[in-house]
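# Coordinates in review
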Amino acid sequence: TQLLEQSPQFLSIQEGENLTVYCNSSSVFSSLQWYRQEPGEGPVLLVTVVTGGEVKKLKRLTFQFGDARKDSSLHITAAQPGDTGLYLCAGARNAGNMLTFGGGTRLMVKP
Amino acid sequence: DTEVTQTPKHLVMGMTNKKSLKCEQHMGHRAMYWYKQKAKKPPELMFVYSYEKLSINESVPSRFSPECPNSSLLNLHLHALQPEDSALYLCASSEPGLESDTQYFGPGTRLTVL
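This report concerns the structure included in the present document. (Residues numbered from 1 in each chain as written. Chains lettered and ligands numbered in written order. Predicted model: local features only at pLDDT ≥ 70, side-chain atom pairs only at ≥ 80, totals over all residues. Heavy atoms only, no water.)

Residue and element names in this part refer to chain A. Strand order across the open sheet formed by 5 strands is 1-3-8-7-6, with antiparallel pairing between neighbours. In this open sheet, the two strands that pair with only one neighbour each are strand 1 (5-7) and strand 6 (55-58). Pairwise comparison of adjacent strand axes, ignoring direction, gives a mean angle of 15° for this sheet. The pairing of strand 3 (residues 19-24) with strand 8 (residues 71-76) spans 6 bridges and is classified as antiparallel. The residue of strand 8 that forms the bridge with Asn-24 is Asp-71. (Pairing = 2+ DSSP bridges. Helix = DSSP H or I, 4+ residues; strand = E, 2+ residues; numbered from the N terminus. Axes fitted to C-alpha atoms, helices over the stretch in contact; angles between N-to-C directions.)

A separate point is unusual backbone geometry. The omega torsion of the bond from Ser-7 of chain A to Pro-8 of chain A falls at -5°, within 30 degrees of zero and hence cis. Note that Pro-8 of chain A resides in the loop between strand 1 and strand 2 (10-14). Look at Glu-52 of chain B: it is not a glycine, yet its phi comes out positive at around 70°.

Interface size is often expressed as the accessible area that is lost when the parts come together. Facing 22 residues of chain A, the contacting portion of chain B comprises 26 residues. Here chain A and chain B share 1 salt bridge between them. A salt bridge links Glu-41 of chain A to Lys-9 of chain B; the nearest nitrogen and oxygen atoms lie 3.1 Å apart. The interface formed by chain A and chain B holds 5 residue pairs in polar contact (both at pLDDT 80 or more) in total. Elements with a minimum of two residues in the side of chain A that touches chain B: strand 4 (31-37), strand 5 (44-49), strand 9 (85-92) and strand 10 (99-101) of chain A. Among the elements that line the side of chain A that touches chain B, the one with the most residues is strand 4 of chain A, at 4 residues. Considering only residue class, the side of chain A that touches chain B consists of 10 nonpolar, 10 polar and 2 charged. (Contact = heavy atoms within 4.5 Å. Salt bridge = Lys/Arg side-chain N within 4 Å of Asp/Glu carboxyl O. Polar contact = N/O pair within 3.5 Å; in protein donor to acceptor, adjacent residues only side chain to side chain. Nonpolar A, V, L, I, M, F, W, Y, C, P; charged D, E, K, R; others polar.)

Residues and elements named next belong to chain A. Here the second largest pocket is characterised by a volume of approximately 300 Å³. Taken together, 19 residues form the lining of the second largest pocket, with Glu-38, Pro-39, Gly-40, Leu-86 and Arg-106 sitting closest to its centre. Residue assignment for the lining of the second largest pocket shows that the elements contributing at least two residues are strand 9 and strand 11 (105-110). Among the elements that make up the lining of the second largest pocket, the one with the highest residue count is strand 11 (3 residues). Of the residues in the lining of the second largest pocket, the class split is 7 nonpolar, 5 polar and 7 charged. (1 Å grid on protein atoms, 1.4 Å probe; cavity = no way out; pocket = protein on both sides within 12 Å on 5 of 7 lines; lining within 4 Å. Points joined across faces, edges and corners; volume = space filled by probe spheres on them.)

Laid out in structure tokens, this is it:
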């Protein structure tokens, strides 16, 4: 089972600050998904990245897939309290339907 | 529509009870999943159904019994659970080969076993 290491595990910042979350692996993924989850709710899909070097933007969120498709990052600009939550990266392999989840980043944005 | 629905939202059961969790999707997806998530941890895969057939069972104890009545429904039958089975149970669906198998999750069922 390949590992997907996510960092940092926990991040507490002030409103307006920027932050970056990283997911790294020694394995190649065919795609990588980013989810945001609030307590007691299911993960909500933010983005899927597929192509090495791909950059996708979702308002203040920028997602990047590494050239070798082994790593990914999520950058949030001018964080807001509504961004508070658990951010999960999950990588998919070509074979089968299994996702490998990172350990999650718990983000708290203080007003 | 990218909605996966789950019922009930919350469930409290004793160790001798039999209950079922239900999941439904209307996206035409042909793969459906059950995950278990403990607090502050990522989801852990339990079962995968692909084209209505069980394709992956991640060594889940037999007190959890999945069922896929049709391509849009997925059930998880529970019997003789233990307190450590208390968790958030998540259902997800995807279309094999579409959007790189992106999985869409339901809101979950919060299960408490007394």
